[in-house]
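Here are the chains, one letter per residue:
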Amino acid sequence: METRRRIIALILIMGACSGLWAQTTGKVSGTIVDAENGEGLMGANVILEGTQLGAAAGKDGSFYILNVPPGTYDLRVRMMGYTDYLVQGLRVSVNRTTEAGIEMVSTVMEGDVVVVTADRVAVKKDQTGSIRNVSAEEIAVLPVESANDIVQLQAGVVDGHFRGGRMTEISYLVDGMNVDDSFGGQGRVLDVETEAIQDLEVITGTFNAEYGQAMSGVVNVITKDGGNEFHGSVSGALAMYQTNHSDVFLGLNDDFDRQKDIKFQLDGPIIKNRLTFFVNYRYEDSDNYLNGIRRFNVTDYSDYESSNPDFWFTQHTGDGAYVPLDFDKNQSLMGKLTLKSSKAKLSFSYNKDLNHWMRYNHQYKYDPDGKASEHRDTDMFSVQLNHMVARNAFYELKAYYKKSTYGNYLFENPKDVFDLDSQGYYIDDSGYLPFYFFANQNHTGFYTGGQERNHDENDSDDMNVKFDLTWQLNKTHSLKTGAAYTNIDFHIQNAQIIDLNPLEDDPTVDFEPGLPDNEQSYADIYSQNPMELSAYFQDKMEFNEMVINAGMRLDYYDLNTTYPSNPRNPDNKFEGDPSLDSEYLDTDPEYQLSPRLGLSYQLGKKAVLHFSYGHFFQMPPYYALYANNSRTILEDNNSQLGNPRLKAEKTISYEIGLWQEIADNMSVEVALFYRDIYDLLTVNIVETYNAIRYGLYGNLDYANARGMEVKYDMRVQNISAMLNYTLQFTRGNSDNPTTTFNRAGQNQDPIPYLVPMSWDQRHTLNLSIGYNTPRYGSTLIARFGSGRPYSYTPLEETVMSRVNLYINNDLRPSTFSVDLRAFYDIQLMKDYKLRFMLNVYNLLDRLNTNNVYGRTGQAYTNILRPGDIASFKSDFNTVYDQVQNPGQYYAPRLIKLGVGVFF
């Protein structure tokens, strides 16, 4: 306990009650000199027009403006005896310094203004890693539906993986506040609509010490504030799939009924220059492109056991209607109040997401009503205070509460009983819950009745307090320090519906569905309360031609749980020597230090060289720490046990890159990277004293990634183009934590050397080109990906079947798609316009492969052996129906038409 108190004290001292992740503002700096003699002009006034932000030049003419919200500004410089100097289009991004070199011209006439456009190199000079900032103006013209779509367009991102890492290695932030799914470890629990984003920061390389709980990348969404004028929009859109592949994608018609999308946004002043509001809402109902056919109802029973078709019994009472088996029904709401003064900004925010979705399972094609769906309900309340305590110092204090509930079930209430008037869980005359019993999946390839009976509900309540301090010590040194406290309450229920009255005489009358007690065979139900602390210190040193970022980060985790002292007897079921029994000991806190270093060097006036190095730590997802909380080990050798003694996963990253402006408004950037990833999550095999094998989560997996990224940007008046290319090699001994455990279940040894990961896409190319004016415009996005690996499985009759082939030994087909966005505005009155919108996804209607069969390396096509054909029994479909899976393809062409009023 004494050690724990010292660590906590160290964190609090190190942070001086300061913050964790990213701040939400940037900085403008520069030097003002006389154009004739180059001497600094002390006292020159610098103003960011339209704001209350400004500065006065020092003795050498240097100035800086801290705490600038991201956006595009005009910077005006004034001094008696000189012509006003106006820099237009000065782009400020979060966590970045934008430089402006000002050369003032003396004059005796008043009213003249020297107007220049901001230099692109001024934005890149302090970039010490691979960072992409996407502004609200850029987002507005892209054919994208979400922030995640924008992230997927960035170099180094392959199907959600950043630079070869697992999908659990990414941190998602909203206004610098963490919105990760900390229990599952993958993705985020809150989305912000694209219309509400002011700036999107995507870091795919190394990152500064202020960022934690990430090894591969960081996504930081900065939301908009309300303004001093009222602005708003109301729009609606409908979509349909128009495809030449109707033989693959069943039930798609030519009606605009597959997607309904309604958006509303309003912002403006409550008290001008003091109090503003911002509201954004979206309702989306998408049936997507994969349908099932309701041939069977959940109460239907069929029997194909006999080898004689005359003895088959089939019951199919369904109406034959097409039913979506892949859908998304989402609602999102964001509201923000912002109170401003000359020195401070106080914001109150509320975000709510309601998500209901289902992903396609081919086996439910004819029993769509038996498939469970997934749900998530997230609420987030936050208070943010930004205060300029001096011209050269400010702090950000953030407190937020986030509650997220995830569910995977057929019916929310586990006690719902099926009857003629209502839906619910059903039991047949034999007293069985109809799941596998009515399925006939082994004969027909499909379920012919019955219901999925898993019932998972996971609640996460997060309380967070963060405080960041930025101090511009002098012209050269910008110091940042921070600390954060997070407390999480997990309430986990992973269970299966059972009959609570299994011994009653008539189960169809006395059937009582419900959840079992915490038994591993049916349920894993528990609550946990971990705590996290972190702190960092960072110095950003900005010289004339060089910028150095150096920092150190400390992370501390206390799981507040126990672990069994003897892994070979975790549940104390061994009845031999009592000395071999486990004691349940308190876990020790985990902590680690991670150094970060990055530098950039300006090569002349048109190029910047950067290098970065860092150690990055991340605790594994909480499910791997707490799973099977009752520590029940079953005799089927399939049990898995969480391990609270897991270490943090670790990445050591290196990067070198060059940015070059090759012409006005045209640049190219090249980056080379290498990553070693240690102590990755795996499931180790442990054998109990009772000779039962189970899986225990551990830190044994390893991977590495190396590659090259090339980025090209061009903007000339209304024309813009972006091209990025990624060459990547990703190797490891396992592409998911359970690979070794699953191989052991198939009597296979662990993989002894590094193999390609399933996301090891060698070549990735993204192209965006657009022509956009204030009244009309169009943008085209093209994506190419070379084939990702899959595991080729040769037929047993071939010579290759005698070769010990490891996973991911061949490549799937490559993918290529083109998306289009176009709009046209009609002016209705002075401040109102009517906008017509067209989005087309997969414009060329290509059949892009998502997944393949191991025997063929193709989607929708497999080799059926004589035994496969002989075991097939069905009177409603053919043997090939079970392999013709449309879910192995990405979506066909989608046409989306919308109209809206904007003011």
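Residues numbered from 1 in each chain as written. Predicted model: local features only at pLDDT ≥ 70, side-chain atom pairs only at ≥ 80, totals over all residues. Heavy atoms only, no water.

A word on the sheet that holds strand β6 (residues 84-92)
Argument step 1. With mixed pairing, the five strands of this open sheet are ordered in space as β3-β2-β5-β6-β8. A single partner strand is all that each edge strand has here, and the edge strands are β3 (54-56) and β8 (113-117). Taken pair by pair, the neighbouring strands of this sheet meet at an average axis angle of 20°, ignoring direction.
Argument step 2. Relative to β8, β6 runs parallel, the two being bridged by five bridges. Within the sheet, the bridge partner assigned to Y85 lies in β8 and is V114. (Pairing = 2+ DSSP bridges. Helix = DSSP H or I, 4+ residues; strand = E, 2+ residues; numbered from the N terminus. Axes fitted to C-alpha atoms, helices over the stretch in contact; angles between N-to-C directions.)

Details of the sheet that holds strand β1 (residues 26-34)
Argument step 1. The strand order across the open sheet formed by three strands is β4-β1-β7, and the pairing between neighbours is mixed. Sheet topology places β4 (62-68) and β7 (97-104) at the edges, where each strand pairs with a single neighbour. Going across the sheet, the axis of each strand differs from the next one's by a mean of 20°, ignoring polarity.
Argument step 2. Where β1 lies against β4, five bridges are found, and the strand directions are antiparallel. In the strand pairing of β4, G26 is matched with V68.

Concerning the nonpolar core
Nonpolar side chains in soluble globular proteins tend to be buried together.
Argument step 1. Residues V151, F162, I197, L200 and V219 are the most contacted members of the largest nonpolar core, which totals 28 residues.
Argument step 2. Mapped by element, the contributors of at least two residues to this core are α4 (147-152), β12 (170-174), β14 (197-203) and β15 (217-223).
Argument step 3. When near neighbours in sequence (up to four residues on either side) are disregarded, V219 contacts V151, F162, I170, S171, Y172, L173, L200 and E201.
Argument step 4. With 22 residues, the next largest nonpolar core counts L41, A55, V87 and A100 among its residues. (Core = buried A, V, L, I, M, F, W, Y, C linked by side-chain atoms within 4.5 Å. Buried < 20%, exposed > 50% of the residue type's maximum accessible area, 1.4 Å probe, protein only. Contact = heavy atoms within 4.5 Å.)

Points about the packing of aromatic side chains
How two aromatic rings sit relative to each other is given by the distance of their centres and the angle of their planes.
Argument step 1. One pass over the full model with this rule turns up 32 aromatic pairs.
Argument step 2. Each ring, one from F574 and one from Y689, has its centre 5.1 Å from the other, and the planes form 45°; the classification is tilted. Residue F574 is located in the loop between β32 (562-564) and β33 (584-586), and its partner Y689 is located in the loop between β38 (666-687) and β39 (693-716); the two are separated by 115 residues in the primary sequence.
Argument step 3. Within the aromatic cluster, the residues linked to one another by ring pairs are F183, F490, Y526, Y622 and Y626.
Argument step 4. One Lys or Arg, R706, reaches over the ring of F729 and ends 4.8 Å from the middle of that ring.
Argument step 5. Here the basic side chain of R835 rests over the ring of F902, its NZ or CZ set 4.7 Å away from the ring centre. (Phe/Tyr/Trp six-rings, centres within 6.5 Å; stacked < 30°, edge-to-face > 60°. Lys NZ or Arg CZ within 6 Å of the ring centre and 35° of its normal.)

Focus on the pairing of strand β40 (residues 719-732)
Argument step 1. Here β39 runs beside β40; their pairing, made up of 14 bridges, is antiparallel. Within β40, the position partnered with Y712 by the bridge is L723.
Argument step 2. The hairpin turn running from β39 into β40, its antiparallel successor, is two residues long, and Q717 in that turn takes a positive phi close to 55°.
Argument step 3. Pairing analysis gives nine bridges linking β40 to strand β42 (residues 763-772), with the strands arranged antiparallel. Opposite N724, over in β42, you have N766 as the bridge partner.

Some thoughts on the pattern of salt bridges
Argument step 1. As enumerated under the stated definition, the model contains 53 salt bridges in all.
Argument step 2. The shortest N-O distance in the salt bridge between E284 and R282 comes to 3.9 Å. Pair check on accessibility: E284 and R282 agree, each one buried.
Argument step 3. Linked through salt bridges whose partners overlap, the residues forming this network are R91, R132, E138, D199, D713 and R715. (Salt bridge = Lys/Arg side-chain N within 4 Å of Asp/Glu carboxyl O.)

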